[in-house]
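# Observations on the model geometry
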Amino acid sequence: MKTMSDNMVKNDEDPWGWRGPLVAVQGFGFLPEKVNTELDQMTQDVANVSGITMSDLSVATMDHFKCTIFNETWQNFYPHLIDENYEVCHPLWDGASCVPPTIAGESTAFPCMTMYNNKLYSPKYNATRECLADGFWNNLTDYTMCKELCVEVDAMNQTVYSECDVEKDMELDISLHVYFAGYTISLVALLTTLAIFLSFRELRCLRHKIHMGLFLTLILSDMSWIFTALIQNFIKTDHYESVINIWCISQVVLRYFHLTTFFWMFLEGLYLFLQVQLPLSLATIRHLHFLIIGWGCPAVNMLVWGGIRLGENGDTDTDDTTEDGVEMTKDD
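Residues numbered from 1 in each chain as written. Predicted model: local features only at pLDDT ≥ 70, side-chain atom pairs only at ≥ 80, totals over all residues. Heavy atoms only, no water.

Bringing the overall build of the chain into the picture now. Across its full length, the chain holds seven helices and twelve strands. Per-residue burial for the chain yields a buried fraction of 37% across its 332 residues. In the chain, the proportion of contacts linking residues at least 24 apart, taken out of those at least 6 apart, comes to 57%. (Helix = DSSP H or I, 4+ residues; strand = E, 2+ residues; numbered from the N terminus. Buried < 20%, exposed > 50% of the residue type's maximum accessible area, 1.4 Å probe, protein only. Contact = heavy atoms within 4.5 Å.)

The following block contains the structure:
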């Protein structure tokens, strides 16, 4: 694996200082101090002209804005790549970091991003991304080595940041096991209840069918949560690229069944209301009507939600970003 510092400037002129010591700039790469200073100044100048107050932006938003400037000016900072006529992957904002330009066929390593998803990360570790031989970026940036920073208060009552304690991660694992146990017990109880209802013909009236619909959606919701949690563990392995799409689909399915749960609870209340206030109307209502409301209405909501999310991702793809912080597609 090579970084940009491995490709030494061959020209006699080195205006930016690539032969000298490089500064680790979180989420951007290893840059000469002169390049980093110039890029910061250019970013501030563009912000002033655009009427943007940098202090009002979050760290992640500032990095994104800075990456936009970097993407337009990188050739000025990397003349050695242009002079040698290398096939180069251009700078890419992947939603968390500004991946620096890299020669085709090589991988780049850069300090982990400053902030992602409102969490700070240590500058001591590097993320990596491969530039393919055809000059396009690999689909994903590898952030497995990045470590989150936790907020602590020292003896002087000063706020300090340090790498999160492993014991806290163990506590999180314990809570996850508790969730697994709870969902498993719930799943067994619901399956038993549904089996009892299906075993007796006397329990197959409309009211009981609504109960069974609620039991079924709770069962599917429990199973979706367990499956999603299990898949999420594989994302942390070296084979995360092969399961990331499955995990995304499982998230959509989980949200659908979570939504159907509320609709079937609504139908429970609606049936009781009709039975008390409008009992004669029940003669015209069929089980199919409840199925359409319980399963169909959530599907319509999910289609609208999915369309909006796809539209947002389509807008951000023009800026080579994704809303969830990790680049999933090739840079066009």
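Counting 18 residues, the largest nonpolar core has Phe28, Phe70, Phe77 and Tyr78 as its most contacted members. Looking at this core, the elements that each hand over two or more residues are α1 (33–50) and α2 (59–77). Counting 14 residues, the second largest nonpolar core, distinct from the first, contains Cys89, Val99, Ala127 and Cys146. (Core = buried A, V, L, I, M, F, W, Y, C linked by side-chain atoms within 4.5 Å.)

Looking now at the state of the cysteines. For the coordinates displayed, the defined rule picks out three disulfides. Cys89 shares a disulfide with Cys131; S-S distance 1.9 Å. With the S-S bond torsion at 85 degrees, the cross-link from Cys89 to Cys131 turns out right-handed. Of the two residues, Cys89 sits in strand β3 (residues 88–89) while Cys131 sits in the loop between β10 (126–130) and β11 (149–153), which places them 42 residues apart along the sequence. Each member of the pair, Cys89 as well as Cys131, carries the same accessibility label: buried. (Disulfide = S-S within 2.5 Å.)

With 19 residues, α2 should reach 27 Å at 1.5 Å per residue; the first-to-last C-alpha distance of 23 Å falls well below that figure. Most pronounced at Asn71, the bend in α2 amounts to some 50 degrees. Here α2 has its buried residues at Asp63, Phe65, Lys66, Cys67, Ile69, Phe70, Thr73, Trp74 and Phe77. (Expected span 1.5 Å × (residues − 1). Bend = angle between axes of the 7 residues up to and from the residue.)

This model, assessed by the stated rule, comprises one salt bridge. The salt bridge involving Lys66 is made with Asp40; its shortest N-O contact spans 2.7 Å. On the criterion of sequence distance, the pair formed by Lys66 in helix α2 and Asp40 in helix α1 is long-range, its members being 26 residues apart. Accessibility expressed as a relative area gives 36% for Asp40, which makes it partly exposed. (Salt bridge = Lys/Arg side-chain N within 4 Å of Asp/Glu carboxyl O.)

The subject of this paragraph is α1. Given 3.6 residues per turn, any residue in an α-helix points the same way as the ones three and four places further on. When the terminal C-alpha atoms of α1 are compared, their 26 Å separation across 18 residues agrees well with the 26 Å that a helix rising 1.5 Å per residue should span. Against β1 (22–25), β2 (29–32) and α2 lie the buried residues of α1. Downstream of α1 by one or two residues, Gly51 has phi in the positive range, about 75 degrees.

This brings us to the confidence of the model for the chain. Residues shown with low pLDDT carry predicted positions that ought not to be read at fine detail. Chain-level pLDDT for the chain is 82 on average; 81% of the residues reach the 70-or-more range. A low-confidence stretch, residues 1–11 stays under pLDDT 50, and its non-local contacts, those more than four residues away or across chains, total 32 contacts. Contacts from residues 316–332, a stretch scored under 50 in pLDDT, to residues over four places away or in other chains number 48 contacts. (pLDDT = per-residue confidence, 0-100.)

A few words on the packing of aromatic side chains. This structure, assessed with the given rule, holds 13 aromatic pairs. Ring plane angle 45 degrees and centroid distance 4.7 Å describe the contact between Trp18 and Tyr78, whose orientation is recorded as tilted. Here the residue Trp18 occupies a position in the segment before β1, and Tyr78 occupies one in the loop between α2 and α3 (79–83), the gap between them amounting to 60 residues. The burial state of Trp18 is the same as that of Tyr78; both residues are buried. Every member of this aromatic cluster is reached through a ring pair, and the members are Trp16, Trp18, Phe28, Phe70, Trp74, Phe77 and Tyr78. One cation-aromatic arrangement involves Lys34 over Trp16; the distance from NZ or CZ to the ring centre is 5.7 Å. We note Lys66 situated over the ring of Phe28; from NZ or CZ to the ring centre the distance is 4.8 Å. (Phe/Tyr/Trp six-rings, centres within 6.5 Å; stacked < 30°, edge-to-face > 60°. Lys NZ or Arg CZ within 6 Å of the ring centre and 35° of its normal.)

Relative to β2, β1 runs antiparallel, the two being bridged by four bridges. When the bridges of β2 are listed, Leu22 appears paired with Pro32. Between the end of β1 and the start of β2, which pair antiparallel, lie three residues, with Gly27 showing a positive phi angle near 75 degrees. (Pairing = 2+ DSSP bridges.)

Our next topic: the packing of α1 against α2. Contact pair α1 / α2: the axes reach a minimum separation of 10 Å and the direction vectors enclose 125 degrees. Classified by the angle between their axes, α1 and α2 sit oblique to one another. Helix-helix and strand crossings are classified by hand; for α1 and α2 the assignment is right-handed. Within the contact between the two elements, α1 uses Val35, Asn36, Glu38, Leu39, Asp40, Met42, Thr43, Val46 and Ala47 and α2 uses Phe65, Lys66, Ile69, Phe70, Thr73 and Phe77. Per-class residue counts for the contact of α1 with α2 are nine nonpolar, three polar and three charged. (Axes fitted to C-alpha atoms, helices over the stretch in contact; angles between N-to-C directions. Parallel < 35°, antiparallel > 145°, perpendicular 65-115°, else oblique. Left-handed = near helix turned anticlockwise from the far one by under 90°. Nonpolar A, V, L, I, M, F, W, Y, C, P; charged D, E, K, R; others polar.)

The subject of this paragraph is the environment of Pro298. With respect to the helices and strands, Pro298 occurs in helix α7 (residues 287–317). A relative accessible area of 0% places Pro298 in the buried class. C-alpha of Pro298 to C-alpha of Thr261: the two residues are 37 residues apart in sequence and 9.4 Å apart in space. Every residue in contact with Pro298, bar those within four places of it in the chain, is listed here: Tyr256, Leu259, Thr260, Phe263 and Ile293.

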